[in-house]
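Descriptive analysis of the structure
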Amino acid sequence: MLSALSAAGEATRLRLMVLLAEAELTVSELVIILGQSQPRISRHLKLLLEAGLVERHREGAWAFFLIAQSGPLATFVRDMIARIMPNDPVFSADRARLVEVRRQRAEQAARYFEAQAQNWDEVRAMHVPEERVEAAIREIVGPAPVDTLLDLGTGTGRMLELLAPIAGRAVGVDQSPQMLGLARVRLERAGLRNVQLRQGDLYALPVEAGFYDLVVMHQVLHYLDDPTRALREAGRALRADGRLLIVDFAPHEEESLRMVHAHRRLGFAGEEISACMEQAGLACIARRDLVPRPDEGGKLTVSLWLGQPASAHPGADTGSTVSPAEERV
């Protein structure tokens, strides 16, 4: 505690902590906001890191900093920041410059999204409406709060926007810095401050093992050449009684998704995902198929699978726990 107070007890470092409680920021962004040199900002951040008051994670050549999200000082540092006068002129000026940095981020993300939007719109138009999918996700996850949420292949961050409000802490992982940029803008607009984004490989997750209550893989598996390996890594992140939610296409014959949109797999049968889960040490405890309605034309079916570590279900059948009549919704 004394080391933490010593690290925090300097004007620039206190300003840094206030900013990093608002948003994940790079050194270059902090240089712009505080108007100080890069070596000076880096030295202050190093001291804050060593004291456990901030966290750092890498996205390619960039490093992002955020106020401590876990550890013995996480509550202390947020309580300390909450005691700062909100109308203090120094911090008010810093926040005004932070708004400008966020605006620049949003413009950059918008340019990337504009370039990619047609591809995403084409894929979304091919399956049952997003509203039905998201309603089913909410239903299968349930309204009860979760301590820790992990979204794998987070993309634009929509699943975090949907589910982070029920989580104490949420983390999104994606390999693409451009996608993480889009997600960061979305989450900032939603005012979600309990979310951290990390660049990482789904086969070697940059997250704590046995830490997460809920892990989500939304429209991810069809891009992967080894789904079982990814599920095994997702299972490693789960607590003993945690849950893994998979959302993906049922089997289909839309070859354009393979040729144009880089899908490696044209959907998954329920039994295939259950078998992959079993190989990954998981048990499938529920499944739903969102079949297109007559007024929705020839849309693709979207399936949801819910799994848990097999150790939580000794002797349980690894297949679906719902009947075929119940699961086709």
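Here, every reference points to the structure presented above.
Summary of the structure given here. (Residues numbered from 1 in each chain as written. Predicted model: local features only at pLDDT ≥ 70, side-chain atom pairs only at ≥ 80, totals over all residues. Heavy atoms only, no water.)

The subject of this paragraph is the pattern of salt bridges. When charged atoms on two side chains of opposite charge get close, those side chains can pair. Counted according to the given criterion, the structure contains 21 salt bridges. We note a salt bridge from Glu24 to Arg184, for which the minimum N-O separation is 3.1 Å. Taken together, the residues span a long stretch of sequence, with Glu24 in the loop between helix H2 (11-22) and strand E1 (25-26) and Arg184 in helix H9 (residues 177-189) at a distance of 160 residues. Residue classification places Glu24 among the buried residues on the basis of a relative accessible area of 6%. Among the residues examined, Arg184 registers a relative accessible area of 5% and is labelled buried. For Arg158, the salt bridge identified is with Glu134, shortest N-O distance 2.7 Å. Separated by 24 residues along the polypeptide, Arg158 in helix H8 (residues 158-163) and Glu134 in helix H7 (residues 130-141) bring together distant segments of the chain. (Salt bridge = Lys/Arg side-chain N within 4 Å of Asp/Glu carboxyl O. Helix = DSSP H or I, 4+ residues; strand = E, 2+ residues; numbered from the N terminus. Buried < 20%, exposed > 50% of the residue type's maximum accessible area, 1.4 Å probe, protein only.)

Right, let's get into the nonpolar core. One finds Ile137, Leu149, Leu163, Val195, Leu245 and Leu304 to be the most contacted residues of the largest nonpolar core, which totals 35 residues. Beyond its immediate sequence surroundings of up to four residues, Leu163 is in contact with Ile137, Val141, Leu149, Leu214 and Val216. (Core = buried A, V, L, I, M, F, W, Y, C linked by side-chain atoms within 4.5 Å. Contact = heavy atoms within 4.5 Å.)

Right, let's get into H7. End to end, H7 covers 16 Å across 12 residues, agreeing with the expected 16 Å (1.5 Å per residue, within 8%). Taken residue by residue, H7 has Arg132, Val133, Glu134, Ala136, Ile137, Ile140 and Val141 as its buried positions. Of the surrounding secondary structure, the elements contacted by the buried residues of H7 are H8, strand E7 (212-218), strand E8 (238-249), strand E9 (282-290) and strand E10 (302-309). (Expected span 1.5 Å × (residues − 1).)

Judged by how many residues are buried, strand E5 (residues 167-174) sits mostly within the fold: seven of eight residues are covered. One ladder, built from six bridges, connects strand E4 (residues 146-152) with E5; its direction is parallel. Bridge pairing in E5 links Thr148 to Arg169. Assessed by its sense of winding, the connection that carries the chain from E4 through H8 to E5 is right-handed. As paired elements, E5 and strand E6 (residues 195-199) share five bridges and run parallel to each other. Pairing of Gly172 across the sheet is with Leu197, part of E6. Regarding topology, H9 serves as the crossover connection from E5 to the parallel E6, and that connection is right-handed. (Pairing = 2+ DSSP bridges. Right-handed = clockwise from strand over helix to strand, strands pointing away.)

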